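# Geometric and topological summary
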Protein chains: 2
Amino acid sequence: MITQTEENYLKAIYKIAEKEKKSVGTNAISAQMKTTAASVTDMIKRLSEKGLVNYQKYKGVNLTPVGNKHATNLIRKHRLWEVFLVDKLNFRWEQVHEIAEQMEHIDSDNLITRLDAFLGHPRFDPHGDPIPNAEGKFTLRVQNLLSDISPNRKVNVLGVKEHDSPFLEYLNSLKIALGTTLEILEIVPFDKSMKIRINDSQETIISNKVAQTLLVR
Amino acid sequence: MITQTEENYLKAIYKIAEKEKKSVGTNAISAQMKTTAASVTDMIKRLSEKGLVNYQKYKGVNLTPVGNKHATNLIRKHRLWEVFLVDKLNFRWEQVHEIAEQMEHIDSDNLITRLDAFLGHPRFDPHGDPIPNAEGKFTLRVQNLLSDISPNRKVNVLGVKEHDSPFLEYLNSLKIALGTTLEILEIVPFDKSMKIRINDSQETIISNKVAQTLLVR
DNA sequence: TTTCTTTTTTAGGTTAATCTAAAAATTTAT
DNA sequence: ATAAATTTTTAGATTAACCTAAAAAAGAAA
Ligand SMILES: [Mn+2]
Ligand SMILES: [Mn+2]
Ligand SMILES: [Mn+2]
Ligand SMILES: [Mn+2]
C-alpha cells in the first residue's frame, strides 16, 4: 500500500531526476513538495523501506525500477485525466492541473484502461506533454524551445513547459494555444526578446523567458 | 477543511439516520465504518468541533444542516461518478461502487457541474438510487419492494437496495437489471419465496430476502 | 588544510486517526 | 429497585506526516 503522500513524493523525485540526471537531494525534494528537509528525510526512509527508492545517507535518492514504474503511472493517470477534463468536460487548459492532481491518485487499473480507450488513446495532454503508455514508455517527438529558433522561421506550438494558471492565461490573451503558428520576425540582441506574428495575424513581443517555455517545431 | 475520513463518517451517519430516524449511536457508526467505538467517539468530537454534527455525551449524534449538505453532496458525487463509469466507460453495475468510493472525494464544484451536464443531468444512478441535485434535494418516485407485491401482477425493476458485488452478479445471472419486467406467478406461504417470470421468458424462484432488495413499480 | 557555508540528519514534539483495555453511564431484565 | 447487560466514554498507546532547533557531515573557499 502506497499512500497519497508517498505518491506525491515519488512524482516529485521523478520530476527532479528528469532534468538533473544525478541523484536527487533532500533540499530539492523539500522545495518541490513545499515541506522541510527534515520531513523529507523521514519520508525518504519510509520510501526506502518500501523499496521505492535507493538511499544512502547524505547521498540523495534514486527511484528503484518499482518506484519509477509507479511514478510514470501517476504521470500517465494525471495526463489522461487532464485530457478527459479538456476534451470531454470542456475545461480550459489552465483549469485542469489542480483537479488532475487529485484524480491521479484514484486507484484502479481497469478504470485507466477504459479511460484511455474512451479518450481514443491520446499521446499528448492538453499542455503538449507526452502520456506514457501502460508500460511507462513515452512518445518521443522532435521539438525545440522557441527561444532556440532563428528569425524568419515559422513554427507550430507543440507544448508548454509551465503549467501555471497565470502563465497559461497570459498565453490565452495572446491567442497562443497548442497548434498555433508562430513566425519569428525579429530577435532583440540585448535581451533576446522576440517579435513574433501569431497565426498569421497579430504581432507581439514576448520575453526570452516566455520563449523558453514554448515547445515548437 | 474536511478530511476524507471525516467525509466518510458524515456519509455513514447520513446513511444510518436515513433508516433509523432517531439520533445515531456510536456503535452503529463503528459497525458501518468498520472501526471501534472508541475511534468513533474521538471522531464525533472532532466533527462536533467543526459544527458538522450535534453531539451530547451518551446521546448519539445528528447531522447539522451544514453536515447534512456535505453528506448529500458526497452522495451526489458518488452517484454521478457511478453513472459516468457505467454510461461512458462501459463498466457493469457491480464494478462501480468501489471506484466511486474514491472519486466522491474529488473536490471541485466546477467539475461536478460539468460532469452532471456531460451525463445529461441523470436523476438515478446505475443501481436505481436517486441523485440529489446541487441543493441536496432527491427526486421522489412511486416504488415498492417486490416482496410487497401480490401475485399475478407485472412490475418493472426500478432499483436494488444492496450494492454488493456478489448480489448484483447473482441478479446478472438471473438476467435481472434495471427496467426488467417481472411477473409474480406464485408466493410460497411457508417462506414467502416467489416464483417469477423474468422479461416474459424464464421462470425462477427467488427468496423473500432477494424480493426485499428489489424496488419495483 | 583549515575555516566557512551549505546540506542533511537527528532529536524532540504535534496532530489526525487508529487501537485495546478499563471505567462509567445507560438501558433492560428480574 | 436492584442487578445484569449493553453502550459509550476515557485512558493510554501507536503510526504517518508534519514541524523547529540543533548537531553533524560534506563541499567550497581562503
Ligand atoms: Mn498537470
Ligand atoms: Mn499537463
Ligand atoms: Mn455505490
Ligand atoms: Mn449506486
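Data block above holds the structure.
The paragraphs below set out a description of the structure included in this document.

## Description of the interface of chain A and chain B
- Taken together, the contacts link 21 residues of chain A with 21 residues of chain B.
- Of the roughly 1,700 Å² buried between chain A and chain B on both sides combined, carbon and sulfur atoms contribute 68%.
- Between the two partners, chain A and chain B, sit 6 residue pairs in polar contact (both at pLDDT 80 or more).
- Of all the secondary structure elements, the ones that give two or more residues to the side of chain A that touches chain B are α4 (65-88), α5 (96-103) and α6 (109-118) of chain A.
- At 5 residues, the largest contribution of residues to the side of chain A that touches chain B is made by α6 of chain A.

## Side note on the protein's contact with DNA strand D
- Among the 22 residues in the neighbourhood of DNA strand D, the closest are listed as T3, S39 and R46 of chain A together with Y55 and K57 of chain B.
- Among the atoms of DNA strand D lying within 4 Å of the protein, the sugar-phosphate backbone contributes 81%.
- Contact between DNA strand D and N27 of chain B: a phosphate oxygen at 2.8 Å from a main-chain N or O atom of the residue.
- At 2.7 Å, a side-chain N or O of K45 of chain B approaches a phosphate oxygen of DNA strand D.
- If one sorts the elements of the surface near DNA strand D by residue count, helix α3 (residues 37-49) of chain A sits on top with 5 residues.
- Residues that form the surface near DNA strand D fall into these classes: 8 nonpolar, 9 polar and 5 charged.

## Considering the nonpolar core
- Of all hydrophobic cores here, the largest spans 32 residues; its most connected members are W81, F84 and L111 of chain A together with W81, F84 and L111 of chain B.
- Breaking this core down by element, the ones donating at least two residues are α4, α5 and α6 of chain A together with α4 (65-88), α5 (96-103) and α6 (109-118) of chain B.
- Residues contacting L111 of chain A, with those up to four places away along its chain left out, are W81 and I106 of chain A together with L85, L89, F91, I99 and M103 of chain B.

## Quick look at the coordination of the manganese ion (ligand 4)
Residues and elements named next belong to chain B.
- Within the first shell, the manganese ion (ligand 4) binds the protein through E82 (OE), D125 (OD) and H127 (ND1), at distances of 2.1 to 2.3 Å.
- Site description for the manganese ion (ligand 4): donor spacing in sequence, E-x42-D-x1-H.
- In this structure, the manganese ion (ligand 4) lies 3.4 Å from the manganese ion (ligand 3), and both are coordinated by E82. Here D125 lies in the loop between α6 and β3 (144-145) and E82 lies in helix α4, a separation of 43 residues in the sequence.

## Some thoughts on the coordination of the manganese ion (ligand 1)
- Here the manganese ion (ligand 1) is held by the protein donor atoms H78 of chain A (NE2), E82 of chain A (OE) and H97 of chain A (ND1), which lie 1.9 to 2.2 Å from it.
- Look at where the donors of the manganese ion (ligand 1) fall in the sequence and you get H-x3-E-x14-H.

## Here we look at the sheet that holds strand β5 (residues 181-187) of chain A
Residues and elements named next belong to chain A.
- Reading across the sheet, the 6 strands line up as β3-β8-β4-β5-β6-β7 and stay open at both edges, with antiparallel pairing between neighbours. The sheet is open, and its two borders are formed by β3 (144-145) and β7 (203-206), each paired with just one other strand.
- Across 3 bridges, the pairing between strand β4 (residues 154-160) and strand β8 (residues 214-216) is antiparallel. The residue bridging G159 from the neighbouring strand is L215, located in β8.

## Remarks on the pairing of β7 of chain A
Residues and elements named next belong to chain A.
- Note: strand β6 (residues 194-198) against β7, 4 bridges, orientation antiparallel. When the bridges of β7 are listed, R197 appears paired with E203.
- Counting the residues that bridge the hairpin from β6 to β7 gives 4 residues, and of these N199 lies at a positive phi of roughly 50 degrees.

## A short note on the protein's contact with DNA strand C
- DNA strand C sits among 22 residues. The nearest are Y55 and K57 of chain A together with S39, D42 and R46 of chain B.
- The sugar-phosphate backbone supplies 79% of the atoms of DNA strand C found within 4 Å of the protein.
- Within the side chain of K45 of chain A, an N or O atom sits 2.7 Å from a phosphate oxygen of DNA strand C.
- Residue T36 of chain B places a side-chain N or O atom 3.1 Å away from a phosphate oxygen belonging to DNA strand C.
- Those elements that place two or more of their residues in the surface near DNA strand C are α2 (26-33) and α3 of chain A together with α1 (4-19) and α3 (37-49) of chain B.
- Ranked by the residues each element gives to the surface near DNA strand C, the list is headed by α3 of chain B, at 5 residues.

What counts and what doesn't
- Residues numbered from 1 in each chain as written.
- Chains lettered and ligands numbered in written order.
- Predicted model: local features only at pLDDT ≥ 70, side-chain atom pairs only at ≥ 80, totals over all residues.
- Heavy atoms only, no water.
- Contact = heavy atoms within 4.5 Å.
- Buried area = accessible area lost by both parts, 1.4 Å probe.
- Polar contact = N/O pair within 3.5 Å; in protein donor to acceptor, adjacent residues only side chain to side chain.
- Helix = DSSP H or I, 4+ residues; strand = E, 2+ residues; numbered from the N terminus.
- Near = heavy atom within 4 Å.
- Nonpolar A, V, L, I, M, F, W, Y, C, P; charged D, E, K, R; others polar.
- Core = buried A, V, L, I, M, F, W, Y, C linked by side-chain atoms within 4.5 Å.
- Buried < 20%, exposed > 50% of the residue type's maximum accessible area, 1.4 Å probe, protein only.
- Donors = N, O, S within 2.8 Å, 3.2 Å for Na, K, Ca; no water.
- Pairing = 2+ DSSP bridges.

Such coordinate-based values are descriptive only and should not be taken to indicate function.
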